[in-house]
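# Secondary and tertiary structure notes
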Amino acid sequence: MRPDSLAFLFSSIQSLPGIGKNHHASLQKLVGPLNIDLLFHLPRTFIQWEHVSSIKNTLHDQHISITLTVRSHQKSSPRTPHRVLCIDQDGNHISLVYFQKNSYLEKNLPVGEQKIIQGKIEYYRNQPQITHPQHIFSLHKNNQPPNLIEPLYPLSASLTQFTLRRAIQHILKNLPPCPEWIPQKTLNNQKWPSFNDALQKTHSPSTPQDLEPLSPHRQRLAYDETLAHQISIASTQNDAKIHKKIYTLAPNPSFLKTFSSLIPFSLTSDQNNAILTILNDMSLPSPMQRLLQGDVGSGKTIVAFAAIIAAAQNGFQSVLMAPTETLVHQHAQNLSPLAKHFGFPIYTLTGNHSAKPQKNTLENIQNGNALITIGTHALFQNKSLFKNLNLVVIDEQQRFGVHQRLSLLRKGLNTDMLLLTATPIPRSLMMIHYGNLNASFLKEKPPGRKLINTTVSNIQRLPELEHAIKRHIKKNGLIYWVCPLVDEGQNTELSHVTGRAEQLAQQFGEHNVALIHGKIKGTERQNIIKNFSSAKTPILVASTVIEVGIDVPAADVMIIEHAERFGLSQLHQLRGRVGRGQNDAFCILLYAPPLSHVAQQRLNIIRQSQDGFFIAEKDLELRGAGDVLGTRQSGDLQFHFINTHEHRKILDLVSHDIKQYQISPQNHEHIPHLLSLFQYDKTLNLTKSG
Ligand code: ADP
Ligand code: MG
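Below is a summary of the structure that appears in this document.

A separate point is unusual backbone geometry. In this structure, the amide linkage connecting Pro593 to the following residue, Pro594, adopts the cis form with an omega of 0°. As for its position among the elements, Pro594 is in the loop between strand S22 (585-591) and helix H19 (597-608). Positive phi outside glycine occurs at Asn57, with the angle close to 70°. In the Ramachandran plot, Ala535 falls in the positive-phi region, its phi being about 65° despite a non-glycine side chain. For Ala535, the position within the fold is in the loop between helix H17 (522-533) and strand S20 (539-542). Residue classification places Ala535 among the partly exposed positions, given a relative accessible area of 34%.

Written out as structure tokens, the structure is:
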């Protein structure tokens, strides 16, 4: 049960000062609904105010903190801004400039008074000025001296640093007392502050080093987050061992042979091994919890399907869940010949069917007739739909956050679970993401896979590319053209793809260009993909929605605009959309200069390697160099404090401590408090198991 003392942290951000109705929606979208979510929203960079007593020797664009005396106000006219004329302690003149009308100016900056001003100094016509100073402090006794390091938070539209900072500081002032869960010995060795002090320091840094992941307070918080996560995973895995499945598979030694004989290609030995391991897991009394890792195109689907067919032959229901409707239909289409062969129809269930077939499908799922169901992830919310569900397969599970992943595993405590993942996780990070989850790997690519010719090119060379495209579509080639997600908060993504699609349509003809993005759904989307696969519209301009689940073997060119903005795994995944057929395949990564050194290295890695595991390792190494782009894909972003690169030692320390001190919610008084803070209490159902 959540301790009462946490009520404030778990109340809605709506009641924080300055949030109210206006900012509630955008803040909730940015951080989450609760005070604790905002408290865990970390500053990413900072402004360092330099304290100066005189403006002499200050530089253009320098961030300064200075005491000034107000001399006079020059009110705005239609053509001139409001100017507040001031002098510094040496008598040098400087003006504060306001372009926006502000009726409080004369009250806030009364003539004759001294104020501490923080802002960016500019020299305009050789005269020093500060436009819209960020902060104005009084010199009065009760005021704290202004902080010279000002943390800057990631924002979204309509929110300001001020809004966020004020709300966060309010939470910090009201932090409930917090018990200590870190073993005393570790705490002494590391000289870490308490949890509350660590949060204070994180949000109110006094030096730039205080914002570093390796500062003592940030290490402590990373330890806490890791500990909560590891304990939760371990507890789920223990529960899986204790639970007994309702149905177990009858062993059938000839199954794999029969299955192989009915598919149009021969399985790789990795695929064979994975299938045998999975069938074995399914014949054991405790539920399977297995992760199947394999690069894009490594052939995970057929492995999952072998398990599904085996279950169906035993009369058990399976469900295959995919993240998008498109992928659901594609799986259904690809698998239905095989399923027919075995005599099992495939049912699909998505949110977007017309009411009638959906109802029919639901009936069949409930009465147990539907042995094979393919649906969107939403389906899992309703496991009770099934009569005798035996196997749950989750495709593209890397799309889930840490909490969702855990709750999926927990929901499967009496069924077999197979998780498919296409974003390889470096070995060193397996533990933190999955604990001791069993894993199978498909390292070997199906035979005949060609390397994809990958080039990196400046977007300024677009005209040359356009000639090549013209030639290519004459030869019946199929081209994906991907534009990046510029800012998730706004509709810029849409305008970017739309703009590019229009430009290409003008150049190559309307009939040759189609557009697909997240807002195009259902049959419209399916039609677009159909027209593309049949070469009716050979150029498909797309947002990153095509990242998963589009299987058009004839597509042979992938062009990615602003490749420098994507994560490496994501680029690799996108590239994997081509090179699935007979033709030679090409990937062209377009970048907009200037490229940072790290960005250059990253693009080179993609150009030189087509091994997802290698790319993931390299990505991890490079991101330590301070490149924040691409974290969305890595999964790091799902944690608040853990930076998997910087905090490797902490991960080891946590594993060590858990063993050494046998840390568990049952053995340690304050661990439930920790789990509550990181919101694992809901998933773990601590009240029951504890
Ligand atoms: P992913 O692992 O990315 O989900 P898929 O399961 O979609 O990959 O497989 C990609 C393609 O490779 C599919 O068209 C599939 O039929 C084909 N495929 C899978 N295994 C083999 C194999 N052993 N030999 C030849 N083709 C295969
Ligand atoms: Mg797949």
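The subject of this paragraph is the nonpolar core. Core analysis: the largest hydrophobic core is formed by 78 residues, its most contacted members being Leu9, Leu38, Leu227 and Phe678. The dominant element in this core, judged by the number of residues it contributes, is helix H7 (residues 216-242), at 7 residues. Setting aside residues no more than four positions away along its own chain, Leu9 makes contact with Leu34, Asn35, Ile36, Leu39, Ile171, Leu175, Pro176 and Leu677. Ala311, Phe316, Phe344 and Val393 belong to the second-largest nonpolar core, a separate cluster that totals 43 residues.

The 6 strands lie next to each other as S17-S22-S21-S18-S20-S19, forming an open sheet whose pairing is parallel. At either margin of the open sheet sits one strand with a lone partner, and together these are strand S17 (452-458) and strand S19 (513-516). In this sheet, adjacent strand axes meet at a mean angle of 20° when their direction is disregarded. When strand S21 (residues 555-560) meets S22, the two strands line up parallel, connected through 4 bridges. Across the sheet, residue Met558 finds its bridge partner in S22, namely Cys587. Sheet strands in contact with helix H18 (residues 568-575) are S17, strand S18 (478-482), S21 and S22, and its direction is about 150° off that of S21.

What follows is about the packing of aromatic side chains. Two descriptors summarise a pair of aromatic rings, namely the distance from one centre to the other and the angle between the planes of the rings. This model, assessed by the stated rule, comprises 11 aromatic pairs. A ring pair is formed by Phe40 and Phe641, whose centres lie 5.0 Å apart and whose planes are at 75°; its orientation type is edge-to-face. On the criterion of sequence distance, the pair formed by Phe40 in the loop between helix H2 (35-39) and strand S1 (45-48) and Phe641 in the loop between helix H21 (631-634) and helix H22 (648-660) is long-range, its members being 601 residues apart. Phe641 shares its class with Phe40; the two are buried. Ring geometry for Trp192 against Tyr223: centres 5.4 Å apart, planes inclined by 65°, an arrangement best described as edge-to-face. Taken together, the residues Trp192 in the loop between helix H5 (184-190) and helix H6 (195-203) and Tyr223 in helix H7 connect sequence positions 31 residues apart. You can call Tyr223 buried: its relative accessible area is 0%. An aromatic cluster is present here, built from Phe40, Trp181, Phe195, Phe641 and Phe678 joined pairwise through their rings.

Once that is clear, we can look at the side chain of Glu466. Take Glu466: it is sitting in helix H15 (residues 462-474). Although buried, Glu466 forms no salt bridge, and the nearest oppositely charged side chain, Arg500, lies 5.3 Å from it. With near-sequence residues (within four places) excluded, Glu466 lies in contact with Gln503, Gln507 and Phe508.

The next thing to look at is the pattern of salt bridges. A side chain of one charge can pair with a side chain of the opposite charge when the charged atoms of the two come close. According to the stated counting rule, one finds 15 salt bridges in the structure shown. Asp681 is paired through a salt bridge with Arg2; the nearest N and O atoms lie 3.3 Å apart. Placement of Asp681 in helix H24 (residues 681-684) and of Arg2 in the segment before helix H1 (20-31) is noted, with a sequence separation of 679 residues between them. Overall, Asp681 belongs to the buried group, its relative accessible area being 11%. Arg2 sits in the partly exposed class, given a relative accessible area of 31%.

Among the 16 residues in the neighbourhood of ligand 1, the closest are listed as Gln271, Gly297, Lys300, Thr301 and Arg449. In the model, an oxygen atom of ligand 1 is placed 2.6 Å from a nitrogen or oxygen of the Gly297 main chain. Within the contact set of ligand 1, an oxygen atom lies 3.4 Å away from a backbone nitrogen or oxygen of Ser298. Out of a free accessible area of 570 Å², ligand 1 has 78% covered by protein chains. Counted by class, the shell around ligand 1 contains 5 nonpolar, 7 polar and 4 charged residues.

Tracing the sequence through the fold places Val303 in helix H10 (residues 300-313). A residue is classified by how much of its surface remains accessible, and Val303, at 0% relative accessible area, is buried. Spatially, the C-alpha atoms of Val303 and Leu34 are 41 Å apart, while their sequence positions differ by 269 residues. In this structure Val303 touches Gln271, Ala274, Ile275, Ile278, Leu292 and Leu442, once residues within four positions along its chain are discounted.

Take the sheet that holds strand S11 (residues 317-322) next. Across the sheet, which stays open at both edges, the 7 strands sit in the order S12-S13-S11-S14-S15-S10-S16 with parallel pairing between neighbours. Across the chains shown, the open sheet's two edge strands, defined by having one partner strand only, are strand S12 (346-349) and strand S16 (438-442). Strand-to-strand twist in this sheet, taken as the mean axis angle between neighbours without regard to direction, amounts to 20°. Relative to strand S15 (residues 416-421), strand S10 (residues 289-294) runs parallel, the two sharing 5 bridges. Considered in S15, the bridge of Leu291 is made with Leu419. Helix-sheet contacts for H10 involve S10, S11, S12, strand S13 (372-376), strand S14 (389-394), S15 and S16, and the interaxial angle to S14 is about 175°.

Thresholds, definitions, all that
- Residues numbered from 1 in each chain as written.
- Chains lettered and ligands numbered in written order.
- Predicted model: local features only at pLDDT ≥ 70, side-chain atom pairs only at ≥ 80, totals over all residues.
- Heavy atoms only, no water.
- Helix = DSSP H or I, 4+ residues; strand = E, 2+ residues; numbered from the N terminus.
- Buried < 20%, exposed > 50% of the residue type's maximum accessible area, 1.4 Å probe, protein only.
- Core = buried A, V, L, I, M, F, W, Y, C linked by side-chain atoms within 4.5 Å.
- Contact = heavy atoms within 4.5 Å.
- Pairing = 2+ DSSP bridges.
- Axes fitted to C-alpha atoms, helices over the stretch in contact; angles between N-to-C directions.
- Phe/Tyr/Trp six-rings, centres within 6.5 Å; stacked < 30°, edge-to-face > 60°.
- Lys, Arg positive; Asp, Glu negative; His and termini not counted.
- Salt bridge = Lys/Arg side-chain N within 4 Å of Asp/Glu carboxyl O.
- Near = heavy atom within 4 Å.
- Polar contact = N/O pair within 3.5 Å; in protein donor to acceptor, adjacent residues only side chain to side chain.
- Areas by Shrake-Rupley, 256 points an atom, 1.4 Å probe, with all protein chains shown as cover.
- Nonpolar A, V, L, I, M, F, W, Y, C, P; charged D, E, K, R; others polar.

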